[in-house]
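# Notes for the structure review
Given next are the chains, with one letter for each unit.
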Amino acid sequence: ICGTLIILCGAANYATAADAKRVMFLHSFGPQFKPWSDYARAIRIETIRQAKWSIDFSDFSLAGARSDDAESEAPLVQYLRALYLREPLDLIIAVGAPGASFIQRHRDELFPTTPMIFTAVDRRRVDHNRLSENDTVVAVNHDFAAILKTILQVLPDTKTVAIVNGVSPNEVFWHEEIQRQLAPFTNRVVLKWYDELPFADILKDAAKL
């Protein structure tokens, strides 16, 4: 009897695992990279809470998104193709702009029919011409002009605005976009960019402002 129960329990567990929905999180830089990690954690918790079936989560990160080396994507593309060719995913959740861009660039060769959610991403970073009827975009709209207007309303004597950015492809995009949106304010404030300085040097320079 005990042997039969063990066999039956094993079969039941196998059936449950086989019936689980397969959901992949694609993280833009890494699973612990803030603020996107906070969004991903909240989405995962809420998905588990609301789901009416078991979920088999998998996580992948675009470590190469910190540079503009396109060749670094090739191994990940090959791995994902080999991993999910026979057993397709039920859903892909791309968190952040690099994740959304990667998925859209390689969708045809990897996941042509898999439903996708693009989230924690600015609407300008999604190629809407490539979206399919199976896609959902939960985007934001960064209004940097509104942010600066608020600063000047609260602190009207502000003369310098320091902007802490970086030099990854994602941050290069935002440097240009912020500069474009804040161009009308350059006659009132000086925009001081911290793009290439080490963090310790940023602290020292900011302390002198």
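This is a predicted model, so every value here is computed, not measured.

Attention shifts here to the overall build of the protein chain. Looking only at helices and strands, the protein chain has seven helices and seven strands in total. In the protein chain, the succession of α and β elements from N to C terminus is α-β-α-β-α-β-α-β-β-α-β-α-β-α. In the protein chain, which comprises 209 residues, the proportion classed as buried is 35%. Pairs at least 24 residues apart make up 67% of the contacts formed inside the protein chain by residues separated by at least 6 positions. For the protein chain, the accessible surface area stands at approximately 13,300 Å², while carbon and sulfur atoms represent 57% of it.

Turning next to the sheet that holds strand S1 (residues 21-27). Spatially, S2-S1-S3-S4-S5 is the arrangement adopted by the five strands of the open sheet, whose pairing is parallel. Strands with a single pairing partner mark the edges of an open sheet, and in this sheet they are strand S2 (55-61) and strand S5 (135-140). Across the sheet, the mean angle separating the axes of adjacent strands is 15 degrees when strand polarity is ignored. In this sheet, S5 lies alongside strand S4 (residues 116-122) in parallel orientation, the contact comprising six bridges. Each bridged residue has a counterpart across the sheet, and for Val-121 the counterpart in S5 is Ala-139. Most of the contacts of helix H3 (residues 73-84) go to S2, to which it runs at about 165 degrees, and overall it touches S1 and S2.

Here the focus is helix H4 (residues 97-110). In this model, H4 (14 residues) spans 18 Å end to end at C-alpha, consistent with the 20 Å of a helix rising 1.5 Å per residue. The axis of H4 is deflected most strongly, by about 40 degrees, at Gln-104. Counting buried residues along H4, 11 of its 14 residues qualify, which places the element largely inside the surrounding structure. Listed in full, the buried residues belonging to H4 are Ala-97, Pro-98, Gly-99, Ala-100, Ser-101, Phe-102, Ile-103, Gln-104, His-106, Arg-107 and Leu-110.

This part covers the packing of aromatic side chains. On inspection of all chains with the given rule, the structure shows seven aromatic pairs. By the ring-pair criterion, three or more aromatic residues cluster together here, those being Phe-60, Tyr-79, Tyr-84 and Phe-111. Just above the ring of Phe-57 sits the side chain of Arg-44; from NZ or CZ to the centre is 4.8 Å.

It is worth spelling out the confidence of the model for the protein chain at this point. Taken over all residues, the pLDDT of the protein chain has a mean of 86, while the share at 70 or more is 88%. The spread of mean pLDDT over the elements of the protein chain runs between helix H1 (residues 2-19), the lowest at 45, and helix H5 (residues 144-154), the highest at 97. Below pLDDT 50 for its whole length, residues 1-16 participates in one contact with residues either more than four positions away or in separate chains.

Here we come to the nonpolar core. Grouped together as the largest cluster of nonpolar side chains are 21 residues, with contacts concentrated most on Met-24, Leu-80, Phe-102, Ile-103 and Phe-111. Every element with two or more residues in this core is listed here: S1, H3, strand S3 (91-95), H4 and S4. Top contributing element to this core by residue count: H4, with five residues. Contacts of Ile-103, omitting those with residues within four sequence positions, involve Met-24, Leu-26, Ile-92, Ala-94, Phe-111, Met-116 and Phe-118. Counting residues in hydrophobic clusters, the runner-up holds 12 residues, among them Ala-145, Ile-163, Trp-174 and Phe-185.

Considering the arrangement of structural elements, one finds Gln-104 in helix H4. Residues within four places of Gln-104 in sequence aside, it is in contact with Phe-118, Val-126, Asp-127, Arg-130 and Leu-131.

This paragraph deals with the layout of surface pockets. In this structure, the largest pocket spans a volume of roughly 690 Å³. Considering the residues around the largest pocket, the lining is formed by 27 residues, among which Pro-35, Trp-36, His-142, Asn-170 and Trp-174 are closest to the centre. Those elements that place two or more of their residues in the lining of the largest pocket are helix H2 (36-50), S4, S5, strand S6 (160-164) and helix H6 (169-182). When its residues are assigned to classes, the lining of the largest pocket shows 17 nonpolar, five polar and five charged.

Quick notes on the rules
Residues numbered from 1 in each chain as written. Predicted model: local features only at pLDDT ≥ 70, side-chain atom pairs only at ≥ 80, totals over all residues. Heavy atoms only, no water. Helix = DSSP H or I, 4+ residues; strand = E, 2+ residues; numbered from the N terminus. Buried < 20%, exposed > 50% of the residue type's maximum accessible area, 1.4 Å probe, protein only. Contact = heavy atoms within 4.5 Å. Areas by Shrake-Rupley, 256 points an atom, 1.4 Å probe, with all protein chains shown as cover. Pairing = 2+ DSSP bridges. Axes fitted to C-alpha atoms, helices over the stretch in contact; angles between N-to-C directions. Expected span 1.5 Å × (residues − 1). Bend = angle between axes of the 7 residues up to and from the residue. Phe/Tyr/Trp six-rings, centres within 6.5 Å; stacked < 30°, edge-to-face > 60°. Lys NZ or Arg CZ within 6 Å of the ring centre and 35° of its normal. pLDDT = per-residue confidence, 0-100. Core = buried A, V, L, I, M, F, W, Y, C linked by side-chain atoms within 4.5 Å. 1 Å grid on protein atoms, 1.4 Å probe; cavity = no way out; pocket = protein on both sides within 12 Å on 5 of 7 lines; lining within 4 Å. Points joined across faces, edges and corners; volume = space filled by probe spheres on them. Nonpolar A, V, L, I, M, F, W, Y, C, P; charged D, E, K, R; others polar.

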